[in-house]
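What the coordinates show
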Amino acid sequence: MDLSPQAGFSTRLRQWGCRLGLLLLASQLFQVGLDSIPPVTLAVLGLIIYLHLFPAAPLMQASMSVEQVYWHGDWLRLLLSPLHHLNDWHLYFNMVSFLGSGVNLERRLGGAWLLYLLSVFTVLTGLVYLVLEAGLTKITRDQSYSRRSVVGFSGVLFALTVLTDHYHPGGVTSVMGIHVSNRYAIWVELVLIQLIVPRASFIGHLAGILVGLLYTTGPLRKIMKAFAGVCVCVCVCVRTSLILMTNMSLCYRGFHFHFSEEEEVNREEIRRRRLMRFDRKIPHEQR
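All of these numbers come straight from a predicted model, not from anything done at the bench.

Remarks on the pattern of salt bridges
Going through the model one piece at a time under the given rule, you end up with four salt bridges. Here R147 ties to E67 by a salt bridge, and the two come within 3.5 Å at their closest N and O atoms. Of this pair, R147 sits in helix α8 (residues 144-147) while E67 sits in helix α4 (residues 66-71), and the two are 80 residues apart along the sequence. Assessed through its relative accessible area of 40%, R147 is described here as partly exposed. Residue E133 pairs with R148 through a salt bridge whose shortest N-O separation is 3.1 Å. One end of the pair, E133, is in helix α7 (residues 111-140); the other, R148, is in the loop between α8 and α9 (154-166), with 15 residues separating them in the sequence. A relative accessible area of 23% places R148 in the partly exposed class.

If you want it as structure tokens, here you go:
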């Protein structure tokens, strides 16, 4: 969602809906059944809802723009911006969309890979957004593009939708009542959302689509798999090293400190003789 001055941002926007959107979201979740939502999807939903109720930062300090992130060096906004929402309705529509995509992808890819995807997509979508806005600033020589602030999870959702459509080739999707081939559904959704909600961030949504395409067409997926493979190898090596060190430690302790009964008797006899010898050497007057 665009938070630029032209969008008329104010703190009152967060109160729109009188929590009706939040109540509808809770109703939706209980209707689906919390026990039927995979753990990673449920955890991400819970985190974003929690941050909506108890923000990690005020909305103006969580939103993201080229000016705030790149010029002022506030890179933490890359993480804060997708996890915060303008108001309850903004949260409701994004989380209902994520519920469908998250459940679908987690069942197909597994929870660990979905969490990995979300982490990478969250950062990359923000970076692509900044690059696009900076490019528009340079091309048009209009600094307002670098000052436009955005907040919300919708960019990541567009990336996830690209994946969902990719795994169902040849199918047909209903986009706001319009039946469209999965191949073109994401582009139709991009245009329709912009027409219905003019304040929605077109560049933010486009950034998500580009990140999704980078994954489905190959380059990003190969890089992520290679990095994951390296991490697995490192973890296996570390685990193996720890096991070997533990075994060596046990063997070392056993060699030095565990004695048979006969050895214990001999050690006590040697200790007694040493004490007797030492006792004889002490003069009588020093006793």
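Overview of the side chain of H85
Checked against the element boundaries, H85 lands in the loop between α5 (77-83) and α6 (88-109). Given a relative accessible area of 0%, H85 falls into the buried group. For H85, the side chain forms a polar contact with the side chain of N94, separated by 3.1 Å. Separated by 3.4 Å, the side chain of H85 and the backbone nitrogen of F153 make a polar contact.

Comments concerning the pairing of strand β1 (residues 172-175)
Across four bridges, β1 lies against strand β2 (residues 178-181) in antiparallel orientation. Residue pairing for β2: T173 is matched across the bridge by V180. Once β1 ends, the chain turns through two residues before running back antiparallel as β2, passing M176 with a positive phi of about 55°.

Re the UniProt feature "transmembrane region" (unreviewed entry) in the protein chain
Within this structure's numbering, the places UniProt gives as "transmembrane region" (unreviewed entry) are residues 16-34, 113-132, 144-164, 184-214 and 226-245. Structurally, residues 113-132 is divided into 100% helix and 0% strand, and its ends, taken at the C-alpha atoms, are 27 Å apart. Counted over residues 144-164, helix gives 71% and strand 0%. Its end C-alpha atoms are 34 Å apart.

Here's the deal with the environment of E106
Counting through the fold element by element, E106 comes out in helix α6. We classify E106 as buried; its relative accessible area is 7%. Each C-alpha atom, one on E106 and one on P38, is 6.9 Å from the other, the two residues being 68 residues apart in sequence. Those residues in contact with E106, other than ones at most four positions away along the chain, are P38, P39, V40, T41, G111 and L114.

Cut-offs and rules
Residues numbered from 1 in each chain as written. Predicted model: local features only at pLDDT ≥ 70, side-chain atom pairs only at ≥ 80, totals over all residues. Heavy atoms only, no water. Salt bridge = Lys/Arg side-chain N within 4 Å of Asp/Glu carboxyl O. Helix = DSSP H or I, 4+ residues; strand = E, 2+ residues; numbered from the N terminus. Buried < 20%, exposed > 50% of the residue type's maximum accessible area, 1.4 Å probe, protein only. Polar contact = N/O pair within 3.5 Å; in protein donor to acceptor, adjacent residues only side chain to side chain. Pairing = 2+ DSSP bridges. UniProt positions renumbered as here; feature names shortened; annotations may be inferred. Contact = heavy atoms within 4.5 Å.

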